[in-house]
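# Observations on the model geometry
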Amino acid sequence: MKRHIGHIALVVADYDEAIAFYTQKLGFVLVEDTILSEAKRWVLIAPAENAQCTILLAKAANDKQKLAIGNQSGKRVFLFLYTDDFWRDHEAMTAKGINFVRPPLAEDYGIVAVFEDLYGNLWDLIQPAEKQQTT
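Since the model is a prediction, treat every value here as computed from it, not as a measurement.

Across its full length, the chain carries three helices and eight strands. Here the chain, with 135 residues, has 33% of them falling under the buried criterion. A fraction of 53% describes how many contacts in the chain between residues 6 or more apart in sequence connect residues 24 or more apart. Summing over all exposed atoms, the chain offers an accessible surface of approximately 8,900 Å²; the carbon and sulfur share of this is 51%. Where the 14 positive side-chain charges of the chain centre and where its 18 negative ones centre are 7 Å apart.

The following block contains the structure:
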């Protein structure tokens, strides 16, 4: 059986401000924006058009959900944005006002820096190290 994660829900305060942040500041694409009711929309974003997994922007519907905005992972890094050119993306994100809370580091697994989204969720921007071939 082939399986994959289709969507990850991210609790947000407002659909439109979240769409603007992710599409304009991070360069994500808006995959879908369907009105389900007066208060609810089905909003999917992704870092690329053909991404296998998308983020579902889920507007907080009650006080308990509002408490999760920006803290879905207990202030740990929550999501991991992989790139093929760390410095290109880091520079572009910095120029658009993205707040990096941990500076770039070269680790065994790649180059990584931690940034926060508009609600304070922490993300890794990471360019994986080239895998070493063993002979």
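With that out of the way, let us pick up the sheet that holds strand β4 (residues 54–59). Strand order in the open sheet made by the four strands is β1-β4-β3-β2, with mixed pairing throughout. Edge positions in the open sheet fall to β1 (7–12) and β2 (29–35), since each of these has one partner strand only. Ignoring strand direction, the axes of neighbouring strands in this sheet form an average angle of 25°. The pairing of β1 with β4 spans six bridges and is parallel. Paired with A9 across the bridge in β4 is L56.

Before going further, it helps to spend a moment on the nonpolar core. Grouped together as the largest cluster of nonpolar side chains are 25 residues, with contacts concentrated most on Y22, L26, F28, I55, L57, F115 and W123. At the level of secondary structure, the elements contributing two or more residues to this core comprise β1, α1 (15–25), β3 (41–46), β4, β5 (77–82), α3 (86–95), β7 (110–116) and β8 (122–128). Of all the elements, α1 adds the most residues to this core, at five residues. Every residue in contact with F115, bar those within four places of it in the chain, is listed here: L26, L81, M93, I98, N99, F100, V101, N121, L122, W123, D124 and L125.

UniProt records the feature "domain: VOC" (unreviewed entry) at residues 4–128, using the numbering of this structure. For residues 4–128, the end-to-end C-alpha separation is 21 Å, with 22% helix and 43% strand making up the annotated structure.

We now examine the pairing of β7. Among the seven residues of β7, five are classified as buried, and the element is accordingly described as predominantly covered. Taken together, the six bridges between strand β6 (residues 99–107) and β7 define a ladder with antiparallel strand orientation. Within β7, the residue paired with R102 across the bridge is V114. Where β6 folds back on β7, the antiparallel hairpin that results is connected by two residues. Where β7 lies against β8, seven bridges are found, and the strand directions are antiparallel. Bridge pairing in β8 links V114 to D124. Between the antiparallel neighbours β7 and β8 lie five residues, among them G120 with a positive phi of about 100°.

Calculation criteria
- Residues numbered from 1 in each chain as written.
- Predicted model: local features only at pLDDT ≥ 70, side-chain atom pairs only at ≥ 80, totals over all residues.
- Heavy atoms only, no water.
- Helix = DSSP H or I, 4+ residues; strand = E, 2+ residues; numbered from the N terminus.
- Buried < 20%, exposed > 50% of the residue type's maximum accessible area, 1.4 Å probe, protein only.
- Contact = heavy atoms within 4.5 Å.
- Areas by Shrake-Rupley, 256 points an atom, 1.4 Å probe, with all protein chains shown as cover.
- Lys, Arg positive; Asp, Glu negative; His and termini not counted.
- Charge placed at Lys NZ, Arg CZ, Asp CG, Glu CD.
- Pairing = 2+ DSSP bridges.
- Axes fitted to C-alpha atoms, helices over the stretch in contact; angles between N-to-C directions.
- Core = buried A, V, L, I, M, F, W, Y, C linked by side-chain atoms within 4.5 Å.
- UniProt positions renumbered as here; feature names shortened; annotations may be inferred.

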